[in-house]
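# Fold and geometry: a report
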Amino acid sequence: MTISTGTLAGTVPSNVDHFPCQYPVCEMKGDVMAMQDGVLSEHARGLLAEVSADQLMEFNTNIAQWVRSSGSEDERKSFDYIEQTLNGFGIPTERYSTVCLVSLPGKASLTLVDGGEALTCITHSFSTTTPEQGIEAEIVYAGAGNDAGYAGIDARGKFVLTDGLAGPPKVGPSERHGAAGVISISGDQIHEMILSPVWGSPTTDTIDLLPTIPHVSIDSATGNRLKEMLKQGAVRARMTTEVDTGWRPLPTLVATIDAAEPTDEYVMFSGHVDSWYYGAMDNGSANASMMEVGRIINNHRDAIKRSLKLAFWSGHSHARYGTSTWYADEFWFDLRDHCVANVNIDGPGAINATILSEAPTMAETHGLARDVIEALTDQELEYRRIGRLGDQSFWGVGVPSFFCGLSSQAPADDAQADMSAGFSGGRPRRGGTAWWWHTPDDTLDKIEPSYLARDAQILLGVVYRLASDQILPFDQAHSAQEIRDALGEIVASAGGAFDLSAVIADADALVEATKRFQARCAQPATDEQASVLNGCQMKLSRLLIPINYTQNGPYEQDLALGSKPVPGLRSVEQLGALPDDERNPLRIKLMRERNRVRDALRQATAAVNHALANS
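Residues numbered from 1 in each chain as written. Predicted model: local features only at pLDDT ≥ 70, side-chain atom pairs only at ≥ 80, totals over all residues. Heavy atoms only, no water.

Attention now goes to helix 2 (residues 53-63). Within helix 2, nine of the eleven residues are buried, which leaves it mostly tucked inside the rest of the structure. Residues of helix 2 that are buried include every one of Ala53, Gln55, Leu56, Met57, Phe59, Asn60, Thr61, Asn62 and Ile63, and no others. Considering only its buried residues, helix 2 is in contact with helix 3 (73-88), helix 6 (280-298) and helix 11 (449-468). Capping the start of helix 2, serine 52 holds a side-chain oxygen 3.3 Å from the backbone nitrogen of aspartate 54, two or three residues further along. (Buried < 20%, exposed > 50% of the residue type's maximum accessible area, 1.4 Å probe, protein only. Helix = DSSP H or I, 4+ residues; strand = E, 2+ residues; numbered from the N terminus. Contact = heavy atoms within 4.5 Å. Polar contact = N/O pair within 3.5 Å; in protein donor to acceptor, adjacent residues only side chain to side chain.)

Summed over all chains, the structure comprises zero disulfides. Between cysteine 339, a free cysteine, and cysteine 404, which holds the nearest cysteine sulfur, the sulfur-to-sulfur gap is 16 Å. Cysteine 339 gets classed as buried once you look at its relative accessible area, which sits at 0%. (Disulfide = S-S within 2.5 Å.)

Here we come to the packing of aromatic side chains. Counting across every chain of the model gives 14 aromatic pairs. Among the aromatic residues, those joined into a ring-pair cluster are Tyr96, Trp313, Trp326, Tyr327, Phe331 and Phe394. Lying across the ring of tyrosine 549, arginine 385 places its NZ or CZ 3.8 Å from the centre. (Phe/Tyr/Trp six-rings, centres within 6.5 Å; stacked < 30°, edge-to-face > 60°. Lys NZ or Arg CZ within 6 Å of the ring centre and 35° of its normal.)

Let us look at the nonpolar core. Judged by nonpolar contacts, the single largest core of 85 residues is most densely connected at Phe269, Phe312 and Phe402. With 39 residues, the next largest nonpolar core counts Leu533, Leu543, Ile547 and Leu586 among its residues. (Core = buried A, V, L, I, M, F, W, Y, C linked by side-chain atoms within 4.5 Å.)

For the rest of this paragraph, the subject is the environment of arginine 542. With respect to the helices and strands, arginine 542 occurs in helix 14 (residues 527-549). Its relative accessible area of 13% is what places arginine 542 among the buried residues. What arginine 542 contacts, discounting residues up to four positions off in sequence, is Leu335, Arg336, His338, Cys339, Val397, Gly398, Val399 and Pro400. Reaching out from arginine 542, the side chain makes a polar contact with the backbone oxygen of cysteine 339 at a distance of 2.5 Å.

Taken as a whole, the second largest pocket holds about 580 Å³ of empty space. As for the second largest pocket, its lining consists of 21 residues, and the residues nearest its centre are Gln551, Asn552, Asp558, Leu559 and Lys589. Considering every element that reaches the lining of the second largest pocket, the biggest residue donor is helix 15 (residues 580-613), with three residues. Grouping the amino acids of the lining of the second largest pocket by side-chain chemistry returns five nonpolar, nine polar and seven charged. (1 Å grid on protein atoms, 1.4 Å probe; cavity = no way out; pocket = protein on both sides within 12 Å on 5 of 7 lines; lining within 4 Å. Points joined across faces, edges and corners; volume = space filled by probe spheres on them. Nonpolar A, V, L, I, M, F, W, Y, C, P; charged D, E, K, R; others polar.)

Turning our eyes to something else, we now look at unusual backbone geometry. The amide bond that connects aspartate 282 to the next residue, asparagine 283, takes the cis arrangement and shows omega of 20°. Within the secondary structure, asparagine 283 is located in helix 6. Its identity as a non-glycine residue notwithstanding, phenylalanine 126 has a phi of 75°, on the positive side. With respect to the helices and strands, the residue phenylalanine 126 is situated in the loop between strand 3 (122-123) and strand 4 (135-141). In this structure phenylalanine 126 comes out as buried when scored by relative accessible area, which is 5%. Backbone geometry at arginine 320 places phi at a positive 50°, although glycine is not the residue there. Structurally, arginine 320 is set in the loop between strand 10 (307-313) and helix 7 (322-330). Overall, the relative accessible area of 7% leaves arginine 320 in the buried class.

You can see serine 70 is positioned in the loop between helix 2 and helix 3. Within polar-contact distance, the side chain of serine 70 engages the side chain of histidine 318 at 2.8 Å. Look past the residues within four positions of serine 70 in its chain and what remains in contact with it is Glu75, Val102, Leu104, Leu250, Asp274, Ser314, Gly315, His316 and His318.

Right, let's get into the pattern of salt bridges. Per the counting criterion, the structure on display carries 29 salt bridges. A salt bridge links lysine 515 to glutamate 512; the shortest N-O distance between them is 3.6 Å. With lysine 515 and glutamate 512 both in helix 13 (residues 501-521), this residue pair falls three residues apart, about one helical turn. By relative accessible area, which is 43% here, glutamate 512 ends up partly exposed. Each of Glu73, Arg76, Asp80, Glu83 and Arg95 takes part in one network of salt bridges that share partners. (Salt bridge = Lys/Arg side-chain N within 4 Å of Asp/Glu carboxyl O.)

Each regular strand shows side chains that alternate between the opposite faces of the sheet. With 18 bridges joining them, strand 1 (residues 93-112) and strand 8 (residues 236-257) adopt antiparallel strand pairing. Paired with tyrosine 96 across the strands is threonine 252, a residue of strand 8. As judged from the two bridges shared by strand 1 and strand 2 (residues 118-119), these two strands associate in the antiparallel manner. Along strand 2, the bridge assignment pairs leucine 110 with leucine 119. What sits between the antiparallel neighbours strand 1 and strand 2 is a turn of five residues, in which glycine 115 has the positive phi angle 105°. (Pairing = 2+ DSSP bridges.)

Put into structure tokens, the structure is as follows:
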């Protein structure tokens, strides 16, 4: 890998001031005390009333005074501020340092050879560095930059012009088709991105998947002009990129709020600290929300049954979730044995963030999130399966997850909605991704204090329920049904080429068992019975999440690419179209995956039956 030194791309605004925080409490559904019965207790309602927009903005302002590139001195200052503030509240912290592969984009240029016009562009994390004089090539258009986009064109030794954000889905096709470089049309604004398809730092098995060619991004106006020029004839350009990629120590900060009564179980509330530029929304507002929830929970430790860990990551934006992946590896057994859930948060409280119906969850966590959001607002949370993004590094361990994004914007235009759909597997959305996301314009003027307080109240409500409910508020029947539905789709796509009848039977048995289990969890229980039911809840998550969300299982990380439910069996749809010499290796792989899925389903059903018999 070529390592070169560069400076962070783009310009940094200088209009960030510290200002007095005198903001009204956010407007909620009626009065904050008027909750739906059974969703939030009277004590929980009192906690929600303690959320302070004033305090949140003070936290956010202090964090967003620094440009927090992963591993930088300014990032260290922000970690210091968070740690010192939490310590000041009486919350103990632990600071870790781990070496990750970090990639900081520097300068970039794209110049038309004919006429010498310089086009505005940026390069990206994990792009390669060109020679100082750059490289020259002809430009060809390759659609979305996937394999279908390359059909019918010869991209060898050429720059490929592609639609949409730069990212991992474009890396493999560009390498396979021999491109000299990639030009992505980012949108009306040019967004900073990370190219690596490797989740976390690479291993000996994955390091060769990193890009070997340079990538740059341009805006839509420039991209459309290039397309028109290509219709008129050949276009050549010269590309230069500087990217500083190397192994660097990164911080992780974990603050622990112990329950009053000793317990090994805990809720993890997590978010990244590193940012593009000042990152007031991404992710200063999330860090502020974490600190505020921690401040309030710490004042009410006697009301929680499970501890709370606030986990602040580095390397989200420049190391492909480097430290959260390290944490999953380093504390794998602790997470498996004791972590009941991970509430992850990214970018809450933005101006115009009026949409609360599209926050992603898992099937088993959707019900709690829906109930809290509906209790506090006039919106109903739809079920949207959480995607492979946002420090979701704990699926292999089997930890249930909530969110990443929480509130989103009413789209100003179709382009904004299209960009946003890219983060939900292409599924249409009413909400949009902020236009200033991953740009120098992510500054404090993009934060709406009342919305930030609203989102913090939602987060506090979810965290408090997870930490205080006698029986963990998960819906394992929803998870089992999602797996069963996915298996039905997979059987249909197999076209009879592979026998999955036994897996279907196992899934049907689990669906029926989990329905009985959910009914039991809704009934009164003694502490001893609750312990049995909670143990089963955690056992089911450890068994079902890895087969529902991962191909590589509990101990490895899948790539940073999208996936569907039960991803390990999805390749069955290819089986019928392959020749015998290719079909047999895939059949062997599918047999092993079928065994993995069946084993998890059968163990899950046995765990439910045992819990029902003993509770």
